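Architecture and fold: a report
Here are the chains, one letter per residue:
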Amino acid sequence: MPRRRIRLLDEAAQNRIAAGEVVERPASAVKELVENALDAGARRIEVSVADGGKTLIRVRDDGHGIAQDELALALERHATSKIDGSDLLNISSFGFRGEALPSIGAVARLTLTSRAAGADEAWRIVCVAGEIGRPQPAAHPPGTTVEVRDLFFATPARLKFLRTDRAELQAISETVKKLAMAAPEVGFTLRDVGAAGPEQEGRLMFRADPEQGDLFDARLARLSQVLGAEFAQNALPIEAEREGLRLTGFAALPTFSRGSAAAQHLFVNGRPVRDKLLAGALRAAYSDLLGRDRHPAAVLFLDCPPERVDVNVHPAKTEVRFREPGVARGLIVSALRHALAEAGRRSSTTISTAALGAFRPETGAPRPAYQGDYARPRPSAGLLARAWQAQAPAAQGDAAAAFAEAPAAFAQETAPGWSARVEPPAPDAEAAEDLPLGVARAQFHENYILAQTRDGIVIVDQHAAHERLVYERLKRQMAERAVPRQALLIPEVVELSPEDAERVLDAAEQLAEAGLAVEPFGPGAVCVRETPAALGQVDARALVRDVADELAEMGDARAVRARIDAVLSRMACHGSVRSGRRLTGEEMNALLREMEATPHSDQCNHGRPTWVALSLADIEKLFGRR
């Protein structure tokens, strides 16, 4: 390429380049304009769009407005009323650069109409592709209306990269809803006027009236409107403070997890942000409660002095940088873990609702067979009996700590067709019904415990529940550096791939702390000499291979604590009561009591629920009694 002289771009080119940094798509323009309205003290904000915001964006507010002599200045770059430029660290408003209006005006046809508070008349000014007109008198109530037409008409190349009208409208809707979460005292309206015409009301996409009450009640009511009533029903209030940083908001139960991080909304000083530090802290708080493919749902508001956070990191102001990132991360992790531990016996309401829906009789014609309504095959009675004997954990301490071996006479109950058993009432059964998980009444399909409470029933997944109990027991013992071990009478030699063997041996010290003693035994092999006693009789070969898989999936980037917890989780799966194990009444009640005494026993190590509660009132509705 031949050498070219360095030259200064003209003002129009400068403005259009700068506009590309601030206004990436119609949703970016909506965000900037709504934030301006919030900075103006608006109590009601109306947003109207057409064709996904490509042909029309109109934002109207009832804020303090703009005076006549400031209208033209508002369209100049770096003109703002929010800071004086002397201190860029003390920023308490959404906007501060003075770039939103000139950036939009550089690439679109912008009309700004405003009537300042206390003024007798309104004024209008037009900016087309950066060319600013003269203010003209107009009719307008107190407040401001910004109308943007033909976005990116001055930069056709950018227009070609926009997505479909539907996708852009969805992005605008998400932007408005996210801003509405942070301002429950403000009313928001979003309309699509594309089909009805720009001067018509159009289709109502979203509406949230101003909320009343204290901060938590108002936020919860607003979140119920934005995220749905299910989130509000399954959310835990969060409130904590550390070293001048204050965290508030709501975090959902682990059993209300999602398949993506779309239900995570983070705000810093009221500003919606996408911050890796905060998202990582949220993930770390739930790391012990969810599988890798599940994501927590939460809406968190972190407030701190403006000088302790830099919001001038990204042109769109969606990223922040903390002066003390460790304090912010520690506050989120500790506050969420404390709230989850104090949640008590709670499971997602959606689970009980789904269970009740499954009980209700279907109406209409039966579904065709090709829709896949297939019954899961059940294991044979002989296989169940052998599995019950092989999977029985070794007894450790009292009945609440581990399950005792069933009496020999009980083994006769493996006749073909046997898959459920009713337990005779225990002497203290009536008193046990007042306990959170009630008293065991039956076991069915060799996997589920049916318990009766004072006002309903509880169905427990025995494998998932015991897996969590074993995991928590191993963590507690490891924290006390007192994991009981059991030496193998004959050490087990496990053949692995050279890579897996190297990973296991590299983590030998950590595994020894968890109760698993391994040592090298030639190329591609390890020798297992001890296993955690809490696992009982365990297949050492399968255990080591699962541990190797876990180490391979985690890689070397995760912290030592996370690696150990993941390994303990795999170990707990080997030491838990499996499906097909028949339990006596004493064993089932011991499991229920241990669940009540163990934190986080409402979900297994992978985030699945361990129990479902059905109230007596809901059951009566199924039979038409209510």
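Quick caveat: nothing in here was measured; it's all calculated off a predicted structure. (Residues numbered from 1 in each chain as written. Predicted model: local features only at pLDDT ≥ 70, side-chain atom pairs only at ≥ 80, totals over all residues. Heavy atoms only, no water.)

**Structural notes on the sheet that holds strand S10 (residues 235-242)**
The five strands lie next to each other as S10-S11-S14-S12-S13, forming an open sheet whose pairing is mixed. The two strands at the open ends of the sheet, each matched to only one other strand, are S10 and strand S13 (271-273). Strand-to-strand twist across the sheet, computed as the mean angle between neighbouring axes with direction ignored, equals 20°. The sheet contact formed by strand S12 (residues 264-268) and strand S14 (residues 298-303) spans five bridges and is parallel. Bridging from a neighbouring strand, Val268 pairs with Leu302 of S14. (Pairing = 2+ DSSP bridges. Helix = DSSP H or I, 4+ residues; strand = E, 2+ residues; numbered from the N terminus. Axes fitted to C-alpha atoms, helices over the stretch in contact; angles between N-to-C directions.)

**Examining the packing of aromatic side chains**
Aromatic ring pairs are defined here through the distance separating the ring centres and the angle between the ring planes. Per the counting criterion, the structure on display carries four aromatic pairs. Ring centres of Phe267 and Phe301 lie 4.7 Å apart, and the angle between their planes is 15°; this geometry places the pair in the stacked category. Pair noted here: Phe267 is in strand S12 and Phe301 is in strand S14, with a separation of 34 residues, a long-range link. As far as the burial class goes, Phe267 and Phe301 line up, both buried. Sitting above the plane of the Phe153 ring, Arg109 keeps its charged end 3.9 Å from the centroid. In this structure, Arg258 packs its charged tip against the face of Phe256, placed 3.9 Å from the ring centre. (Phe/Tyr/Trp six-rings, centres within 6.5 Å; stacked < 30°, edge-to-face > 60°. Buried < 20%, exposed > 50% of the residue type's maximum accessible area, 1.4 Å probe, protein only. Lys NZ or Arg CZ within 6 Å of the ring centre and 35° of its normal.)

**Description of the sheet that holds strand S21 (residues 485-495)**
Here three strands make up an open sheet; going across it, the order is S21-S23-S22 and the pairing antiparallel. The two strands at the open ends of the sheet, each matched to only one other strand, are S21 and strand S22 (517-520). Looking at each pair of strands side by side, their axes are set apart by 20° on average, direction ignored. Two elements, S22 and strand S23 (residues 525-532), share four bridges in a ladder whose sense is antiparallel. Each bridged residue has a counterpart across the sheet, and for Val518 the counterpart in S23 is Val528. Helix H15 (residues 498-506) rests against S22 and S23 of the sheet, and its axis sits at about 40° to S23. (Contact = heavy atoms within 4.5 Å.)

**Observations regarding helix H14 (residues 462-479)**
Since the α-helix packs 3.6 residues into each turn, any two residues three or four apart lie on the same face. Its 18 residues place the ends of H14 26 Å apart at the C-alpha level, agreeing with the 26 Å of an ideal helix rising 1.5 Å per residue. Where burial is concerned, most of H14 is hidden: 16 out of the 18 residues are buried. Taking the backbone nitrogen of His463 as reference, a side-chain oxygen 3.2 Å away marks Asp461 as the first, capping residue of H14. Residue Arg481 follows H14 closely and has a positive phi angle near 55°. (Expected span 1.5 Å × (residues − 1). Polar contact = N/O pair within 3.5 Å; in protein donor to acceptor, adjacent residues only side chain to side chain.)

**Considerations on the confidence of the model for the protein chain**
Here the protein chain averages 82 in pLDDT, while 78% of its residues score no lower than 70. Considering only residues more than four positions removed or in separate chains, one finds that residues 364-376, a stretch of pLDDT under 50, has three contacts. pLDDT under 50 marks residues 393-417. Its contacts with residues more than four places away, or in other chains, come to 45 contacts. (pLDDT = per-residue confidence, 0-100.)

**Some thoughts on the pattern of salt bridges**
Applying the stated rule across the entire model yields 20 salt bridges. Between Asp192 and Arg203 there is a salt bridge; the shortest N-O distance is 3.3 Å. With Asp192 in strand S8 (residues 187-192) and Arg203 in strand S9 (residues 203-208), the pair connects residues that are 11 residues apart, well separated along the chain. A residue is classified by how much of its surface remains accessible, and Asp192, at 15% relative accessible area, is buried. (Salt bridge = Lys/Arg side-chain N within 4 Å of Asp/Glu carboxyl O.)

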